[in-house]
2 protein chains.
Amino acid sequence: MYRTRTCGELRLTNVGERVTLAGWVQSVHNLGALTFVDLRDRYGITQLAFTEDASEELRQKAGKLGREYVLQATGVVAERYSKNKNIPTGEIEILVEELNILNESAIPPFTIEENSDGGDDLRMKYRYLDLRRPVVRQNLELRHKFAFEVRRYLDEQGFLEIETPVLVNSTPEGARDFVVPSRMNPGQFYALPQSPQTLKQLLMVAGMDRYFQIVKCFRDEDLRADRQPEFTQIDCEMSFVEQEDILQMFEGMSRHLFKVIKGIDIPALPRMTWADAMKNYGSDKPDTRFGMEFVELKNNQPDNASREIVESIFPDGFGVFDGAVYIGAICAEGQAVYTRKQIDQLTDFVKRPQIGAKGLVYARVEEDGNVKSSVDKFYTQETLQVLKQKMNAKPGDLILILSGDDAMKVRKQLCELRLEMGSRMGLRDKNKFSCLWVIDFPMYEWSDEEQRLMAMHHPFTSPKPEDIPLLDTDPASVRANAYDMVINGVEVGGGSIRIHDAKTQQKIFEILGFTPEQAQQKFGFLMNAFKFGAPPHGGLAYGLDRFVSLFAGLDSIRDCIAFPKNNSGRDVMLDAPGFLEQAQLDELNLQVVPQE
Amino acid sequence: MYRTRTCGELRLTNVGERVTLAGWVQSVHNLGALTFVDLRDRYGITQLAFTEDASEELRQKAGKLGREYVLQATGVVAERYSKNKNIPTGEIEILVEELNILNESAIPPFTIEENSDGGDDLRMKYRYLDLRRPVVRQNLELRHKFAFEVRRYLDEQGFLEIETPVLVNSTPEGARDFVVPSRMNPGQFYALPQSPQTLKQLLMVAGMDRYFQIVKCFRDEDLRADRQPEFTQIDCEMSFVEQEDILQMFEGMSRHLFKVIKGIDIPALPRMTWADAMKNYGSDKPDTRFGMEFVELKNNQPDNASREIVESIFPDGFGVFDGAVYIGAICAEGQAVYTRKQIDQLTDFVKRPQIGAKGLVYARVEEDGNVKSSVDKFYTQETLQVLKQKMNAKPGDLILILSGDDAMKVRKQLCELRLEMGSRMGLRDKNKFSCLWVIDFPMYEWSDEEQRLMAMHHPFTSPKPEDIPLLDTDPASVRANAYDMVINGVEVGGGSIRIHDAKTQQKIFEILGFTPEQAQQKFGFLMNAFKFGAPPHGGLAYGLDRFVSLFAGLDSIRDCIAFPKNNSGRDVMLDAPGFLEQAQLDELNLQVVPQE
């Protein structure tokens, strides 16, 4: 061992001990007669002192040190004259007696500090240097602890972690697979799994009863800020369970994680139906750290989210509202102070193409209770008072109204507006956690593109037993035994109870528009396994990267991944992917054919 | 929950309790008035009894049950009349009051029993049924526990489990990579990692100090019984350590695993040099469950394994021995009873092409101390007595002698013979464990094919400091800071201390025959990282599949893998790999070009 202690553990109680430390030079302060070196390792920073008492040779050596040199230093722990209260080791220093330069370092391309001067691209290219920054390292430490505690909890609950293969077969639906040419089976390809969904269901058929796996999954999708071509799931499945059992088990896991990792006791998770989530928040992953729920001021278009017609509170007069199918509003408490300019910013915000609203109507409740609005000329004060009452608004509040001819579209626009207002009002504190289950998802959603009902979750998701009669009469209204865990507006996990009987499965395939032959071709493999005694089963999967990011308060999942890829799917540090030599392609029976 | 109890937990103390169980029908015994059903789940088997007291409807239902039907049964726990002492639940049964057939089952293609009637291929195709067999399931349970205890130990020792990417770049040396075409980077390919070697070294450069990962690795090699295209490593690396620190740390881990999983206290691991292992066992992974070490009767060819010349104990006379460079022997205690036929079998064994010996000489020590040998006509009894003495042989022992013109080749043949004799003599008990470290591996081995020295471990392995002067004068004799952990003749893990300074690394590349330009091209990426302050570091990797197989007493690693591939690299259950549709190939800019 090159050291007797780490750079994070020495305190005043250790004064007088002779120790050896090893680590990297964080900084060198040369004060003429004195030289101080901050030595850093994974565990902390300790000050090395080269005083007037040190030998000339030692002081010369210290004089040559540069940033990120690797040192081994032996000396005696002493109380510091000038203490640094910001770090745990700040009360002591090492009076160095022996110094061994284990390795020199070129000048790093950016500063290795809490706030680095390196841009994203540079830090990605030299990720091994970026990882030396404590803020980045701490994310990986958190991730380690998180994964370990997941395993500890599930192990205690009798789950077996079972590794499923990475070289599998192509799956019939969903995103694109990455594929792997097989040399031993010329012209044939493996696929990398998008999730072990089929395999975990087979493990239930195999009688494994309680399975989990922390496992890499792969999707060849065009990437966004929060997507990676490879990502990690906490994948779980249980047999002989109903939805309630799954919710209880994994609520327990989440509470365990919050308790042991964040030291937070989270309350029992409230459950919100998908319909309520859509109606009140315009999202199936509502951020419930704050209220500001939607109020429907008009709704002529009953749907799965809201089955009742709401008569408009506005008499005819304003063409936009008159022609709207849906009018919805939120009440931003105390924001009547918003200036015209701020309102214009909000209007621009909702009119951005990604959101797509046509405009924004506002109404301020003044100190005297009167309502001043951008549509004053169309409505009487009485009507505006009805609005105020409906919104439960108080003097000083700001009411923001969106409308349109498609209720679901307006809800989604209003959702963005609500989140924007939440951010502006400081209601989305990263250190506050609001968790819930969203349940009762619809089985299907209509696809304009495919002109058919599509499975919202996946085609093995079980309908709610009480809704099974509706499969024949009104399939679009059938609810599934499907559930998502949502924290702070992020879907951290989701799953469903699976269908385990052939008859129901057949029915579901019919509704999805598959002939028995097509169903057999696409899903025959799993259906055949199910013939040999499939138990009732269900499960869920968490996105580990997202869950950890949330715990770490990160904006992107990249920051909790040791070696992430960029938006083009490249690892700029490894310079992957790259070109193959012709001989390698030949061996795989492949030829690269550039597209026009 | 479909059950209140599992099929493995009820005992006499539960008699009188009303319980609900769920599981699979293991067997049905219809005795006319009485029907008994063995119900199986992951936790055990419990007998369901349908007695004369049961309703007609219930008894009819029970009469229709088939093997592997999935049941939910409610009833009262009762003491059995005829107890089964072989299973923990054998003293009780459930007097069934309610029976719910959760799913029917087709007749399974093989029996789901301790010893199945299904052949390998059939059981691989229906792996989800094979996994229902307790003997197979227990291997996965052991694997889960093994991996969990590895994590617990390493977590306690301050290791961080850090996930490294699966989509990486192609590595310059070693076995073939599996590759993954990138759609977003046309014509370019990722590679799947053969091991995270480079990445874990970068994590040390990054200051992570103690890293581990239980991780899938991939090699596109032609497969043997004990190889899989994807396999799992316990991959570990530490900074600021010397070889001794690594040996101590991972000896501790192994002892922890033996203790908590097998309940065995293994003694401190002996250390054997590679030279001694080759000289005395003809293998760098000696099976030390038994002795029968080699005795050198002649050695004219000093090498890294044995540096001294041994004069032949045999005077000239027998041409084969006279011309041999090396003569080695083992003494099989008490085996003088071997018949001529048995000796012939052994001769055939060593003459098989995989072993390649030209013949086998034997000598029996008779009750009176005289030695009778197959080469009696060439040697006097005095010479044979010298042999007896040299072999430390007693009356009743059998001496087996091999010779040839290449010491290393003969040692390897003698190794096979020793293992064969060990097996025949019952000395290789699967329930006995003999662990050791093999250390001081040579840095290089000569490649006849490449006509140059090749790195025995990998080109970043550090030479022993005391051997560094030999790099210039006699590189083939330089020993490395490399080590393997060997248990019962199986290499379960191995690693090395890495080179961390540029000068030594440069020297090593020279000896391997790389010009500085070639070295830069092949390894520049890691060498560049090392410029920014690489700490001294080292590590090792265990083959999880092998290690678990050893604990489970399995002949093949396949039996501890949930969904293994066959010798053609196929998953016959998933029917992977498979052909892609043309559209998918087009999107990847690829064309399949069958070879002539």
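Residues numbered from 1 in each chain as written. Chains lettered and ligands numbered in written order. Predicted model: local features only at pLDDT ≥ 70, side-chain atom pairs only at ≥ 80, totals over all residues. Heavy atoms only, no water.

Only a minority of non-glycine residues have a phi that is not negative, and only a minority of peptide bonds are not trans. For the bond running from Ala576 of chain A to Pro577 of chain A, omega is 0°, close enough to zero to count as cis. As for its position among the elements, Pro577 of chain A is in the loop between helix H15 (544-552) and helix H16 (582-587). The residue Asp209 of chain B is not glycine, and still its phi comes out positive at about 70°. Inspection of the secondary structure puts Asp209 of chain B in the loop between helix H5 (197-205) and strand S9 (210-218). Even without being a glycine, Asp440 of chain B presents a positive backbone phi close to 55°. Looking at the element boundaries, Asp440 of chain B is found in the loop between strand S17 (435-439) and strand S18 (444-447). (Helix = DSSP H or I, 4+ residues; strand = E, 2+ residues; numbered from the N terminus.)

Residues and elements named next belong to chain B. In space, the five strands of this open sheet follow the order S12-S13-S16-S14-S15, with antiparallel pairing throughout. Each edge of the open sheet is held by one strand with a lone partner, namely strand S12 (295-299) and strand S15 (371-373). Recorded for the sheet is a direction-independent mean angle of 20° between the axes of neighbouring strands. Alignment of strand S13 (residues 326-332) against strand S16 (residues 398-404), held across seven bridges, turns out to be antiparallel. The partner of Gly328 across the bridge, within S16, is Leu402. (Pairing = 2+ DSSP bridges. Axes fitted to C-alpha atoms, helices over the stretch in contact; angles between N-to-C directions.)

This paragraph deals with helix H7 (residues 274-281) of chain A. Residue and element names in this part refer to chain A. Every buried residue belonging to H7 is among Trp274, Ala275, Ala277, Met278 and Tyr281, and all of these are buried. On the buried face of H7, the contacting elements are strand S11 (271-273), helix H11 (407-424) and strand S17 (435-439). With its phi angle positive at about 65°, Gly282 sits one or two positions after the end of H7. (Buried < 20%, exposed > 50% of the residue type's maximum accessible area, 1.4 Å probe, protein only. Contact = heavy atoms within 4.5 Å.)

A word on the interface of chain B and chain A. Opposite the 122 residues of chain B that make contact, chain A presents 123 residues. Both sides together, the interface formed by chain B and chain A hides about 11000 Å², and carbon and sulfur atoms give 60% of it. When the area that chain B buries against chain A is broken down by residue, the three leading residues are Glu163, Phe240 and Phe532 of chain B, summing to 8%. Where Asp220 of chain B meets Arg183 of chain A, a salt bridge forms, and the shortest distance between an N and an O atom there is 3.1 Å. Inspection of the region where chain B meets chain A yields 67 residue pairs in polar contact (both at pLDDT 80 or more). Top element by residues in the side of chain B that touches chain A is helix H4 (residues 134-156) of chain B. It accounts for nine residues. Grouping the amino acids of the side of chain B that touches chain A by side-chain chemistry returns 67 nonpolar, 25 polar and 30 charged. As paired elements, strand S23 (residues 590-592) of chain A and strand S23 (residues 590-592) of chain B share three bridges and run antiparallel to each other. Each bridged residue has a counterpart across the sheet, and for Gln591 of chain A the counterpart in S23 of chain B is Gln591 of chain B. (Buried area = accessible area lost by both parts, 1.4 Å probe. Salt bridge = Lys/Arg side-chain N within 4 Å of Asp/Glu carboxyl O. Polar contact = N/O pair within 3.5 Å; in protein donor to acceptor, adjacent residues only side chain to side chain. Nonpolar A, V, L, I, M, F, W, Y, C, P; charged D, E, K, R; others polar.)

In this section: the relation of the copies chain B and chain A. Of the two same-sequence chains, chain B is brought onto chain A (RMSD 0.0 Å, axial shift 0.0 Å) by a rotation of 180°. In the structure described here, the two chain copies are related by an operation that fits a two-fold rotation axis. Comparing interface residues between copies, 100% of those in chain B also lie at the interface in chain A; the contact surface is shared. (Least-squares fit on C-alpha atoms with pLDDT ≥ 70 in both.)

This brings us to H15 of chain A. Residue and element names in this part refer to chain A. The buried fraction of H15 amounts to seven of the nine residues, a majority that puts the element mostly inside the structure. Restricting attention to buried positions, one finds in H15 the residues Leu544, Asp545, Phe547, Val548, Ser549, Leu550 and Phe551. Following H15 by one or two positions, Gly553 adopts a phi angle in the positive range, close to 70°.

Residue and element names in this part refer to chain B. Across four bridges, the pairing between S18 and strand S19 (residues 452-455) is antiparallel. If you follow Tyr444 over to S19, its bridge partner there is Ala455. The turn linking S18 back onto S19 is made up of four residues, and Gln451 within it adopts a positive phi angle of 55°.

Moving on, we come to the domain arrangement of chain A. Looking at chain A, the domain boundaries give domain 1 (12-103), domain 2 (137-271 + 435-582) and domain 3 (290-424). The straight-line distance from the C-alpha centre of domain 1 of chain A to that of domain 2 of chain A is 50 Å. (Domains from an automatic or database assignment.)

The next thing to look at is the sheet that holds strand S2 (residues 35-41) of chain A. Residues and elements named next belong to chain A. Taken together, five strands build a closed barrel; the order of strands is S1-S2-S3-S5-S4 and the barrel is mixed. On average, each strand axis in the sheet is tilted by 55° relative to the strand beside it, whichever way the strands run. Here strand S1 (residues 18-30) runs beside strand S4 (residues 70-79); their pairing, made up of seven bridges, is antiparallel. Within the sheet, the bridge partner assigned to Gly23 lies in S4 and is Leu71. Each of S2, strand S3 (44-50) and strand S5 (92-103) is contacted by helix H1 (residues 56-63), which is oriented at about 70° to S5, the strand it contacts most.

All right, on to empty space enclosed by the protein then. Summed over all chains, the structure comprises 11 cavities of 30 Å³ or more. There is about 480 Å³ of room inside the largest cavity. Along its surface, the largest cavity is lined by 28 residues, and Arg151 and Ile214 of chain A together with Arg151, Ile214 and Val215 of chain B are the ones closest to its centre. Where the lining of the largest cavity is concerned, the elements lending two or more residues are helix H4 (134-156) and strand S9 (210-218) of chain A together with H4 and S9 of chain B. Classifying every residue of the lining of the largest cavity gives 11 nonpolar, seven polar and 10 charged. (1 Å grid on protein atoms, 1.4 Å probe; cavity = no way out; pocket = protein on both sides within 12 Å on 5 of 7 lines; lining within 4 Å. Points joined across faces, edges and corners; volume = space filled by probe spheres on them.)

Attention now goes to the pattern of salt bridges. Residues and elements named next belong to chain A. Applying the stated criterion across every chain, the model contains 90 salt bridges over all chains. Ionic pairing is found between Asp130 and Arg123, a salt bridge with its closest N-O pair at 3.1 Å. Among the residues examined, Arg123 registers a relative accessible area of 18% and is labelled buried. Measuring nitrogen to oxygen at the nearest pair gives 2.8 Å for the salt bridge that ties Arg133 to Asp130. Taking the relative accessible area as the measure of exposure, Arg133 reaches 7% and is therefore buried. Taking relative accessible area as the criterion, Asp130 reaches 1% and is therefore assigned buried. Among the ionic contacts, a cluster of salt bridges with common partners joins Asp120, Arg123, Arg127, Asp130 and Arg133.

Counted according to the given criterion, the structure contains 43 aromatic pairs over all chains. Geometrically, the ring pair formed by Phe321 of chain A and Tyr379 of chain A is stacked, given 6.4 Å between the ring centres and 20° between the ring planes. With Phe321 of chain A in helix H8 (residues 319-323) and Tyr379 of chain A in the loop between strand S15 (371-373) and helix H10 (381-391), this pair connects stretches of sequence that are 58 residues apart. Its relative accessible area of 2% is what places Phe321 of chain A among the buried residues. One aromatic cluster is present, built from ring pairs that chain together Phe146, Phe159, Phe250, Phe258, Phe433, Tyr542, Phe547 and Phe551 of chain A. Over the ring of Phe290 of chain B we find Arg418 of chain B, and its NZ or CZ is 4.0 Å from the ring centre. (Phe/Tyr/Trp six-rings, centres within 6.5 Å; stacked < 30°, edge-to-face > 60°. Lys NZ or Arg CZ within 6 Å of the ring centre and 35° of its normal.)

What follows covers the confidence of the model for chain A. Summing up the model confidence of chain A, the mean pLDDT is 94 and the portion of residues at 70 or higher is 99%. Two summary scores accompany this predicted model of the complex, namely pTM at 0.96 and ipTM at 0.95. (pLDDT = per-residue confidence, 0-100.)

Here we take up the packing of H7 of chain A against H11 of chain A. Residues and elements named next belong to chain A. One way to put it is that H7 packs onto H11 with a least axis distance of 8 Å and a crossing angle of 65°. By the angle class used here, H7 and H11 are roughly perpendicular. Touching Trp274, Met278, Lys279 and Tyr281 of H7 are Met408, Arg411, Lys412, Cys415 and Arg418, all from H11. Its residues placed into classes, the contact of H7 with H11 shows five nonpolar, no polar and four charged. (Parallel < 35°, antiparallel > 145°, perpendicular 65-115°, else oblique.)

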